[in-house]
Amino acid sequence: MSNGSPLQALAHAAQKAALGAAMSLPPSVQRRLAGSPVVLDGQTLAVDTQLMLKLQKLSGDPPIETMAFPDGRVQARVQTAMAGGKQPIGAVRDLEVAGLPARLYTPRARVSVAVRQPPAPLLVFFHGGGFFFGDLDTHDATCRILAERGEALVLAVDYRLAPEHRFPAAYDDAVAAYRWAVEHVEELGVDRDRIAVGGDSAGGNLAAGVALEAARSGLPCAFQLLVYPATDATRATESLRLFGAGFYLSAEFMELANDSYMTEGLDPRDPRLSPAYADVPEGVAPAYVCTAGFDPLRDEGEAYARKLSDAGVTVELKRFEDQIHSFFNIVGVGRSSRAAVAEIADRLRAGLAPRA
């Protein structure tokens, strides 16, 4: 899809160049440009992230939640392309998964060897975007890093979006896509015992739901990777009060996400919408749950990690205290977000390592 006129394309190119230059400056220079440190709830915002937020404000680009849905979806692709860059990958193949568009990422180590290799681990991945934007392109750069550094195939799935397709469309698509992956392990060259599910934000919500359903229905699931997952649609948290303005993800965006995805009369505690209220069956996959310190979703993600742990699930919880929501997409510029994503990819690799 077009990102606008040639003039807009030139403006975006200039904005991208300025962002890359600013995010490459020494931290001491970034501090002078960004201003005094932002300290809230005992946490200090990363200086490169603070500078990026300042540049975004100066750009005059309207927040996505204020735009018409088609325009906002285009803007999301523009923003993530600026922040993600072009990351190396061995091979990328578009395919159809359970009737949905999907993209399979294969790391270089698996395409550069002449000899036949054993079946690979696989991450079935669902993108974020509040259920109403986001697609294969917005998370392309991050999926490349997960595949390369995580040493796994990554199958990214483009589920149906709201408001054209409301709840439970995205949930149903996620479950169907995961079942498809399990049923096509031989075609994909995947080790059935090393399949993981993961996602960020709304995609983390879907991944959490898939992991629960996999345990209920006996589908193999070795690991779940939940990046600042949305887990409680009631949204009654202190982190929303603290970080609902000024840190990219806003309270207004979250309200629009709920209004767009939820159907009239739906109980926000429906466990397919809010995993926080789901029963945790036996056999749920071990989870790596990470949150961002300056994120309205922080508290509900951490509460869900505790819920899983209390139910006997093996859980590793990590808060990246100096980060904001969306850091998962900032892998082509700056330092702090890229380092965090590299750590997440390392945890994926460890979570899918062959069992002794």
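Let me sum up the structure you'll find in this document. What you are looking at is a predicted structure, and each value in this text was computed from that prediction instead of being measured.

Criteria and cut-off values
Residues numbered from 1 in each chain as written. Predicted model: local features only at pLDDT ≥ 70, side-chain atom pairs only at ≥ 80, totals over all residues. Heavy atoms only, no water. Helix = DSSP H or I, 4+ residues; strand = E, 2+ residues; numbered from the N terminus. Rg over C-alpha atoms; globule rule 2.2 N^0.38 Å. Buried < 20%, exposed > 50% of the residue type's maximum accessible area, 1.4 Å probe, protein only. Lys, Arg positive; Asp, Glu negative; His and termini not counted. Charge placed at Lys NZ, Arg CZ, Asp CG, Glu CD. Axes fitted to C-alpha atoms, helices over the stretch in contact; angles between N-to-C directions. Parallel < 35°, antiparallel > 145°, perpendicular 65-115°, else oblique. Left-handed = near helix turned anticlockwise from the far one by under 90°. Contact = heavy atoms within 4.5 Å. Nonpolar A, V, L, I, M, F, W, Y, C, P; charged D, E, K, R; others polar. Phe/Tyr/Trp six-rings, centres within 6.5 Å; stacked < 30°, edge-to-face > 60°. Pairing = 2+ DSSP bridges. Core = buried A, V, L, I, M, F, W, Y, C linked by side-chain atoms within 4.5 Å. Salt bridge = Lys/Arg side-chain N within 4 Å of Asp/Glu carboxyl O.

A tally of helices and strands in the protein yields 12 helices and 10 strands. Its C-alpha atoms give the protein a radius of gyration of 19 Å, near enough to 21 Å, the size a compact globule of 356 residues would have. Viewed in the frame of its principal axes, the protein has a C-alpha envelope of about 55 × 55 × 40 Å. For the protein, buried positions account for 56% of its 356 residues. Computed over 35 positive and 43 negative side-chain charges, the inter-centroid distance for the protein is 6 Å.

Looking now at the packing of helix 6 (residues 169-183) against helix 8 (residues 202-217). Running from N to C, helix 6 and helix 8 point in directions that differ by 55°, and their axes come no closer than 9 Å. Classified by the interaxial angle, the pair formed by helix 6 and helix 8 is oblique. In this structure, helix 6 meets helix 8 at a crossing whose hand is right-handed. When helix 6 is examined against helix 8, the residues Ala 170, Tyr 171, Ala 174, Val 175, Tyr 178 and Arg 179 are found in contact with a partner set consisting of Leu 206, Gly 209, Val 210, Glu 213, Ala 214, Arg 216 and Ser 217. For the contact of helix 6 with helix 8, the residue count by class is 8 nonpolar, 2 polar and 3 charged.

Taken as a whole and assessed by the stated rule, the structure comprises 12 aromatic pairs. For the ring pair Phe 167 and Tyr 261, a centre distance of 5.7 Å and an interplane angle of 90° mean the geometry is edge-to-face. Taken together, the residues Phe 167 in the loop between strand 6 (153-157) and helix 6 and Tyr 261 in helix 10 (residues 251-261) connect sequence positions 94 residues apart. Take Phe 167 and Tyr 261: they sit in the same class, and that class is buried.

Before going further, it helps to spend a moment on the sheet that holds strand 9 (residues 287-294). In spatial order, the strands read 3-4-6-5-7-8-9-10; together these 8 strands make up an open sheet with mixed pairing. What marks the edges here is a single partner per strand, and that holds for strand 3 (91-97) and strand 10 (315-324). Neighbouring strand axes in the sheet, compared pairwise and without regard to direction, differ in orientation by 20° on average.

What follows concerns the nonpolar core. Ranked by size, the top nonpolar core spans 67 residues in total, and within it Leu 122, Phe 126, Leu 155 and Tyr 178 carry the most contacts. Top element by residues in this core is helix 6. It accounts for 9 residues. Leu 123, Val 227, Ile 344 and Ala 345 belong to the second-largest nonpolar core, a separate cluster that totals 32 residues.

Going from Ala 162 to Pro 163, the amide bond is cis rather than trans, its omega being 0°. Not every positive phi belongs to a glycine, and Asp 41 is a case in point at roughly 60°. By secondary structure assignment, the location of Asp 41 is in the loop between strand 1 (39-40) and strand 2 (43-44). Relative accessible area serves as the criterion here: at 41%, Asp 41 is assigned to the partly exposed category.

Another point: the pattern of salt bridges. Inspection of every chain in the model, using the stated rule, returns 22 salt bridges. In this structure, Arg 108 engages Glu 148 in a salt bridge whose closest nitrogen and oxygen atoms are separated by 3.3 Å. With Arg 108 in the loop between strand 4 (100-106) and strand 5 (120-126) and Glu 148 in helix 5 (residues 140-150), this residue pair connects regions lying 40 residues apart in the sequence. Owing to a relative accessible area of 18%, Glu 148 belongs among the buried residues under this scheme. Two residues, Asp 270 and Arg 272, come together in a salt bridge whose shortest N-O distance is 3.0 Å. According to the relative accessible area criterion, Asp 270 is buried, its value standing at 15%.

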